[in-house]
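So you can see what is in the structure, the chains are spelled out below.
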Amino acid sequence: MRTLFLQAPSFDGYDGGAGARYQMKREVRSFWYPTWLAQPAALVEGSKLIDAPPHDLSFKDIEADIRGKDLIILHTSTPSFKSDVRTAEMIKDVNPTAKIGFIGAKVAVEPEKAFTETSAIDFVARNEFDFTVKEIADGRDWANVKGITYRNKEGVVVTNDDREVLHNMDLLPFVSPIYKRDLDITKYFGGYLKHPYISFYTGRGCKSRCTFCLWPQTVGGHNYRVRSIEHVIEEVKYVQKELPQVKEIFFDDDTLTDNLPRVEALAKELGKLGVVWSCNAKANVPRKTLEVLKDNGLRLLLVGYESGNQKILHNIKKGLLVDVAKRFSKDCRELGIVIHGTFILGLPGETRETIQETLEFAKEVNPHTIQVSLAAPYPGTFLYKQAKENGWFAEDTDLLTEDGTQIAPLNYPHLGHTEIFDSVEDFYKKFYFRPSKIASIVGEMITSPEMMKRRLREGVEFFQFLRNREEA
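Residues numbered from 1 in each chain as written. Predicted model: local features only at pLDDT ≥ 70, side-chain atom pairs only at ≥ 80, totals over all residues. Heavy atoms only, no water.

Undergrad: Run through the overall build of the chain, naming residues and quoting values.
TA: Per the secondary structure count, the chain includes 18 helices and 17 strands. Overall, the chain is about 65 × 55 × 40 Å in size when its C-alpha atoms are taken along their principal axes. Across the 472 residues that make up the chain, the buried fraction comes to 59%. Carbon and sulfur atoms provide 52% of the accessible area of the chain, an area that totals close to 19000 Å². Computing the positive centroid from 63 side-chain charges and the negative centroid from 67, the chain places the two 3 Å apart. (Helix = DSSP H or I, 4+ residues; strand = E, 2+ residues; numbered from the N terminus. Buried < 20%, exposed > 50% of the residue type's maximum accessible area, 1.4 Å probe, protein only. Areas by Shrake-Rupley, 256 points an atom, 1.4 Å probe, with all protein chains shown as cover. Lys, Arg positive; Asp, Glu negative; His and termini not counted. Charge placed at Lys NZ, Arg CZ, Asp CG, Glu CD.)

Right, here's the structure in full:
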């Protein structure tokens, strides 16, 4: 089947990419690669991938591609679902015979619900959907395709058996050739990564049990399954040869540092290639391992601190001690490893006092850059179940405003959602508007004309982000 993989047009600045830990407009405009779409696209011969948001494409811009396809796969999420449904209906209007399938965590945990929203969806592919989509594109009878829920010829919604979890990750082809073929990599950037960068996975799943985290609880699972180091290195070599403009490779595994012997072995092979790289990490990596990583090209770690309050960390099953996180951060500073730290406000147990405690913790560990988000109860997560049982949010509450600004959906008797929402702006201002942090940013700008231009743009976007939040 002539197949199109589509990250649908949305509001300006919407980052719906696979790497996004939450899907919304960010404090500075940034985009992650649509890796979860690129992976099945690499399996389906003759397919095409369109990532509309970073390429500023409207529906009209992609209409010709839509008309010429038999099968169209859309990646959706809880925040974008309503918009994606509208796109699916527009697709049916211009190409009534096309089969439309939805993928993503939203439909993985609520597959039947998708069909009550619209008649435009023909099937959803649950959980890991790479080979599921390939079988459909190859023309297999849907009754024999594991891992799908679909509407049959009689209009009845049918749920097939689950697909077995993929353990041999080397069976998946590289995604980088799809990036090169279908995407403009200069459109992808993040405030803390070198530009242009590229990202892909070396494995799936995360052994941590964080109650709020979407991917391990819905699609990836808690068993960290990895590609062989040789397989990863071959893709890195491909990037070096075919995309020589790339300045940094980001390994987007939920927690690459979960397997210390493997990440050390991988780092040593990366060191031989002379690449600059970065990854997600938990704030508990031993100094010995950090030294190996730094000596072999590691530049930055994206670290989910979440909170500086130990009780909250226990509440969310983070499996992390505040003192360990402080020691880890000190080790990174001494070794010259840059940290982009992420924090979440409004988690269970949050109070006015714990918000201030987390702010002081953030100042102490002092990441180079930070991201502050609001606790969001995504369907399929323990936090969602917990919030429903305790009456912390209404089930039909949206997670975003109509223009993509994240709202605070959780509302506690002792701490209202408006106060939680306002605390994000206060957190950002008190972290960044310190003499030491301002001096650090200015120093970075002075030493690089490119960074000067970039930080000025991001500064404008950041203040616009704050204004949008006030309007929201």
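From this point, the discussion proceeds with the structure in view.
Undergrad: Report on the packing of aromatic side chains, specifying residues and quantitative values.
TA: Within this structure, the stated rule accounts for 22 aromatic pairs. Where F123 meets W142, the ring centres are 5.1 Å apart and the plane angle is 65°; that geometry is what we call edge-to-face. Placement of the pair is F123 in strand β7 (residues 123-125) and W142 in the loop between α6 (130-137) and β8 (148-151), with a sequence separation of 19 residues. For F123, a relative accessible area of 0% puts it in the buried group. (Phe/Tyr/Trp six-rings, centres within 6.5 Å; stacked < 30°, edge-to-face > 60°.)

Undergrad: Before we move on, could you go through the confidence of the model for the chain and cite the residues and values that matter?
TA: Summing up the model confidence of the chain, the mean pLDDT is 92 and the portion of residues at 70 or higher is 95%. Here residues 18-22 scores under 50 on pLDDT; set against residues more than four positions off or in separate chains, the count is 26 contacts. (pLDDT = per-residue confidence, 0-100. Contact = heavy atoms within 4.5 Å.)

Undergrad: How would you summarise the sheet that holds strand β5 (residues 71-75) if you had to cite specific residues and measurements?
TA: Read from one edge to the other, the open sheet built from seven strands follows the order β4-β1-β5-β6-β7-β8-β9, with strand pairing classed as mixed. Of all strands in the sheet, those with a lone pairing partner are β4 (48-51) and β9 (157-159), marking the two edges. Each strand of the sheet is rotated relative to its neighbour by a mean of 20°, with strand direction disregarded. Summarising the sheet, strand β1 (residues 3-7) and β5 pair through four bridges and their orientation is parallel. Across the sheet, the residue bridging to F5 is I73, located in β5. Lying on the sheet, helix α3 (residues 81-94) is in contact with β1, β5 and β6 (99-103); it crosses β6 at an angle near 165°. (Pairing = 2+ DSSP bridges. Axes fitted to C-alpha atoms, helices over the stretch in contact; angles between N-to-C directions.)

Undergrad: With reference to specific residues and values, describe the side chain of T257.
TA: Inspection of the secondary structure assignment puts T257 in the loop between β13 (248-251) and α10 (260-273). There is a polar contact of 3.5 Å between the side chain of T257 and the backbone nitrogen of K282. Apart from the residues within four sequence positions on either side, T257 is in contact with V263, N280, A281, K282 and V285. (Polar contact = N/O pair within 3.5 Å; in protein donor to acceptor, adjacent residues only side chain to side chain.)

Undergrad: Describe the state of the cysteines, with residues and values.
TA: Considering all chains together, one arrives at zero disulfides under this definition. Free of any disulfide, C206 has its nearest neighbouring cysteine sulfur in C213, separated by 6.5 Å. Its sulfur unpaired, C279 is 10 Å from the next cysteine sulfur, which belongs to C332. (Disulfide = S-S within 2.5 Å.)

Undergrad: Tell me about the nonpolar core, residues and numbers included.
TA: Ranked by size, the top nonpolar core spans 120 residues in total, and within it F200, F251, W277, L301, Y305 and F328 carry the most contacts. If one sorts the elements of this core by residue count, helix α16 (residues 417-432) sits on top with seven residues. Beyond its immediate sequence surroundings of up to four residues, L301 is in contact with C279, A281, L290, F328, C332, I337, V338, I339 and H340. (Core = buried A, V, L, I, M, F, W, Y, C linked by side-chain atoms within 4.5 Å.)

Undergrad: An account of helix α13 (residues 322-335) is needed here, citing residue identities and associated values.
TA: In this model, α13 (14 residues) spans 20 Å end to end at C-alpha, consistent with the 20 Å of a helix rising 1.5 Å per residue. All buried positions along α13 are accounted for by V322, A325, F328, S329, D331, C332 and L335. On its buried face, α13 is in contact with α11 (287-295), β15 (298-306), α12 (310-315), β16 (338-345) and α14 (352-365). Downstream of α13 by a residue or two, G336 has a phi angle that is positive, lying close to 80°. (Expected span 1.5 Å × (residues − 1).)

Undergrad: Summarise the pairing of β1; cite the residues concerned and give the values.
TA: Residues in a regular strand point their side chains to alternate faces of the sheet. Across the five residues that make up β1, a large majority, five, are buried. Burial of the side chains of β1 extends over both faces: T3, F5 and Q7 are buried on one face and L4 and L6 on the other.

Undergrad: An account of α11 is requested, with residue identities and associated values reported.
TA: Every buried residue belonging to α11 is among T289, L290, V292 and L293, and all of these are buried. Each buried residue of α11 lies within a common arc of 160° when the element is viewed along its axis, so the set occupies one face. Pointing more than 90 degrees away from the buried face of α11 are the exposed residues K288 and D295. Buried residues along α11 sit against α10, β14 (277-281), β15 and α13. Looking one or two places after α11, you find G297, whose phi comes out positive at around 100°. (Arc of directions from axis to C-beta.)

Undergrad: Quick rundown of the packing of helix α9 (residues 229-242) against α10? Include the residues and the values.
TA: Here α9 crosses α10 at 30°, and the two axes come no closer than 10 Å. One finds that α9 runs roughly parallel with respect to α10. As for how α9 packs across α10, the hand of that crossing is right-handed. When α9 is examined against α10, the residues I229, V232, I233, V236, K237 and Q240 are found in contact with a partner set consisting of R262, A265, L266, E269, L270 and L273. The class makeup of the residues in the contact of α9 with α10 is eight nonpolar, one polar and three charged. (Parallel < 35°, antiparallel > 145°, perpendicular 65-115°, else oblique. Left-handed = near helix turned anticlockwise from the far one by under 90°. Nonpolar A, V, L, I, M, F, W, Y, C, P; charged D, E, K, R; others polar.)

Undergrad: Go over the packing of α13 against α14 with me, naming the residues and quoting the values.
TA: In helix packing, the relevant descriptors are the interaxial angle and the interaxial distance, both defined with respect to the helix axes. Contact geometry for α13 and α14: axes closest at 9 Å, N-to-C directions at 30°. The orientation of α13 with respect to α14, classified from their angle, is roughly parallel. Contacts between α13 and α14 involve V322, A325, K326, S329 and R333 from the first element and F361, E364 and V365 from the second. Considering only residue class, the contact of α13 with α14 consists of four nonpolar, one polar and three charged.

Undergrad: So what's going on with the pattern of salt bridges? Residues and values would help.
TA: Under the definition given, this model contains 32 salt bridges. E242 is the partner of K180 in a salt bridge, and the nearest nitrogen-oxygen pair spans 4.0 Å. You can see K180 sitting in helix α7 (residues 176-182) and its partner E242 sitting in helix α9, a full 62 residues away along the chain. A residue is classified by how much of its surface remains accessible, and E242, at 28% relative accessible area, is partly exposed. With a shortest N-O distance of 3.0 Å, D331 and R287 are connected by a salt bridge. Placement of D331 in helix α13 and of R287 in helix α11 is noted, with a sequence separation of 44 residues between them. Several salt bridges share partner residues, and in doing so they unite R287, E291, K330, D331 and E334 into one network. (Salt bridge = Lys/Arg side-chain N within 4 Å of Asp/Glu carboxyl O.)

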